Every structure is written in structure tokens, then in C-alpha cells.
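Structural characterization, general
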Amino acid sequence: MLLQTILEGLWLGALLVAVCAVGIRKGAVGMVHLYGEKVQERCIALGLTTREKIKRNALRFKAICIPVYLFYVLLCVYAINGAHTFWDGFWQCFVILSVMNLIDRFGIDGYWVGHTEAWVIPGTEDLMPYISKADKQKKWLFGTVGMAVISLLLAGMGAALVLKKSKKD
């Protein structure tokens, strides 16, 4: 079961990579909502985007991606893996989300953003690195504590649904 859960985390990480690839398909400015405020301001000053486009893209990202990611986790843990208890749900949610987080931290932030030209926005090179040391620390903190909290919430929801379904049967 652990291997299957890790593989599900890898698929969720692949989905995140795909979302990022689509987001930067016309240039990294398409995902500038993920950059710091200074980079966003520079992009606006350069005429590459507007504050409204940044807000719209950020909202679209949050409104579409986050629910899809959470639905995927719940689907894997409860519908595919058949978790029946809170703790079964929690550890599986935590593993899936943690694997995705590692892909995000090492694969996307560490390599793709940090060591390739794909995420460079012309005219903002002097603001690099785009992910500061403080930002990395925050991301690692959220990636551990935050994913644990999200896993607790998802496991609570899933356990409540399983309990409700078992009472009907």
C-alpha cells in the first residue's frame, strides 16, 4: 500500500508539473502570480502584464488547481485505496501530498525555476533568484506542517464520509 500511495503522490506531482508547463507555455509571465511582489511590479512596469491579469491568473490557479488536487487525493485514498479509518486516511493523504511537495521543492523550485531559463522573465533577471532563501524556508515549513494539517482535514472529511456510508449500509 505504501508503494501505491507513493506512486499516487508521483502522479499528483506530475499533474503539478503539467499545470506549471501549461502556465508558462507562452512565457513565464503567465505564472508571475507565483513570483514575489517585486517581480510582479516589474512585469507590470515593463508592460508584460497587468495587476488584473495577475489577480485573475492567481484566482484561476487557486479555484481550479487546489480543488482538483484535493479531489485527487481523496479519490486515491478513499475510493481507490479503500481507507476506512481516520489514521489510514491521514497517513495516505500525508504521503501523497508530501511526495508532491518534494517534487515541487526539488523538481520545480530547485531545478526548473532555479537552474533553467524556462522561468526567467526578460527584464527581471536582476531580481533573481526568484525564490529567495526566506521563501524557500516558508515553502518547506508549509510543505511539512501545512501538508500535515491539510492531511488531517482531508482524513477527517474522508472518515466522516466513510462513517456516514457505513451507517447507511
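The paragraphs below set out a description of the structure included in this document. The structure displayed is predicted, hence computed values, not measured ones. (Residues numbered from 1 in each chain as written. Predicted model: local features only at pLDDT ≥ 70, side-chain atom pairs only at ≥ 80, totals over all residues. Heavy atoms only, no water.)

A closer look at the overall build of the chain
We count it as follows: A run of H or I in DSSP counts as a helix once it spans at least four residues, and a run of E counts as a strand once it spans at least two, with each numbered from the N terminus. The rule is simple: take the accessible area with a 1.4 Å probe, protein chains only, and divide by the maximum for that residue type; under 20% is buried, over 50% is exposed, in between is partly exposed. Only heavy atoms matter for contacts: two residues are in contact if any of them lie within 4.5 Å across the pair. Charge counting follows a simple rule: Lys and Arg are positive, Asp and Glu are negative, and His as well as the terminal groups are ignored. Charge coordinates come from a single atom per side chain, which is NZ of Lys, CZ of Arg, CG of Asp or CD of Glu.
Summing up its helical and strand segments, the chain has 5 helices and 0 strands in all. By residue count, 37% of the 169 residues in the chain fall in the buried class. Looking at the chain alone, contacts between residues at least 24 apart form 71% of all its contacts between residues at least 6 apart. Distance between charge centres in the chain, computed from 19 positive and 12 negative side chains, equals 6 Å.

A word on the layout of surface pockets
Regions of empty space are outlined by a rolling probe, equal in size to a water molecule, passed over the atoms. Here is the rule we go by: Here a cavity denotes grid points, spaced 1 Å and computed from the protein atoms alone, that fit a 1.4 Å probe unable to get out, and a pocket denotes an open set having protein on both sides within 12 Å along at least 5 of 7 lines; residues with an atom within 4 Å of a point are the lining. Grid points are joined across faces, edges and corners, and a volume is the space filled by probe spheres set on the points. The nonpolar class holds Ala, Val, Leu, Ile, Met, Phe, Trp, Tyr, Cys and Pro. Asp, Glu, Lys and Arg form the charged class, and all remaining residues, Gly among them, are polar.
The space that makes up the largest pocket amounts to roughly 980 Å³. Elements with a minimum of two residues in the lining of the largest pocket: α1 (2–23), α3 (51–80), α4 (86–115) and α5 (133–168). At 8 residues, α4 tops the list of elements feeding residues into the lining of the largest pocket. When the residues that make up the lining of the largest pocket are grouped by side-chain class, the tally is 19 nonpolar, 3 polar and 7 charged.

Details of α3
Cut-off, in case you're wondering: By this rule the span expected of a helix is its residue count minus one, scaled by 1.5 Å.
With 30 residues, α3 ought to run about 44 Å at 1.5 Å a step, and its terminal C-alpha atoms sit 41 Å apart, in line with that. With its phi angle positive at about 70 degrees, G82 sits one or two positions after the end of α3.

Here we look at the environment of G123
In this fold, G123 is placed in the loop between α4 and α5. Residue classification places G123 among the partly exposed positions, given a relative accessible area of 33%. For G123, the residues in contact, after removing those within four places along its chain, are R42 and L46.

As for the pattern of salt bridges
The test is simple: Between Lys or Arg on one side and Asp or Glu on the other, a salt bridge is scored when a side-chain nitrogen of the former is within 4 Å of a carboxyl oxygen of the latter.
Throughout the structure, instances matching the rule amount to 6 salt bridges. With its nearest N and O atoms 2.8 Å apart, the salt bridge here joins R105 to D104. One exposure class covers both R105 and D104, and it is buried. The residue D109 makes a salt bridge to K139 at a minimum N-O spacing of 3.0 Å. Here K139 lies in helix α5 and D109 lies in helix α4, a separation of 30 residues in the sequence. The buried category is assigned to D109, whose relative accessible area is 10%. For K139, a relative accessible area of 28% puts it in the partly exposed group. A single network of salt bridges, built from pairs that share partners, joins D104, R105, D109 and K139.

Examining the nonpolar core
What counts is decided by this rule: What we call a nonpolar core is a set of buried Ala, Val, Leu, Ile, Met, Phe, Trp, Tyr and Cys residues that are connected through their side-chain atoms within 4.5 Å.
One finds L12, Y35, V73, W119 and I121 to be the most contacted residues of the largest nonpolar core, which totals 37 residues. Counting only elements with at least two residues in this core, the list comes to α1, α2 (37–45), α3, α4 and α5. Broken down by element, the residue count for this core peaks at 9 residues, all from α3. Setting aside chain neighbours within four positions, we find I121 in contact with A28, V29, V32, Y35, V39, C43, L48 and Y130.

Points about the side chain of N81
Convention followed: Identification of polar contacts relies on pairs of N or O atoms within 3.5 Å, with a donor-acceptor requirement for protein atoms, meaning one able to donate a hydrogen and the other able to accept it, and with residues adjacent in sequence counted only if both atoms are side-chain atoms.
For N81, the location among the structural elements is in the loop between α3 and α4. For N81, a relative accessible area of 10% puts it in the buried group. Here Q4 takes part through its side chain, which lies 2.5 Å from a polar atom of the side chain of N81. Ignoring any residue separated from it by four or fewer positions in sequence, one finds N81 in contact with M1, Q4, T5, E8, C76 and Q92.

Brief notes about a nonpolar patch on the surface
The cut-off we apply is this: Here, patches come from residues exposed beyond 30% relative accessible area and free of salt bridges, joined within 9 Å for like charges and within 5 Å for nonpolar side chains (Val, Leu, Ile, Met, Phe, Trp, Tyr). Per-residue and other accessible areas follow the Shrake-Rupley method at a 1.4 Å probe size, with only the shown protein chains counted as cover for residues.
Residues L2, L3, I6, L7, L10 and W11 make up a contiguous nonpolar surface patch of about 620 Å² in total accessible area. With respect to the helices, strands and loops of the structure, L3 is situated in helix α1.

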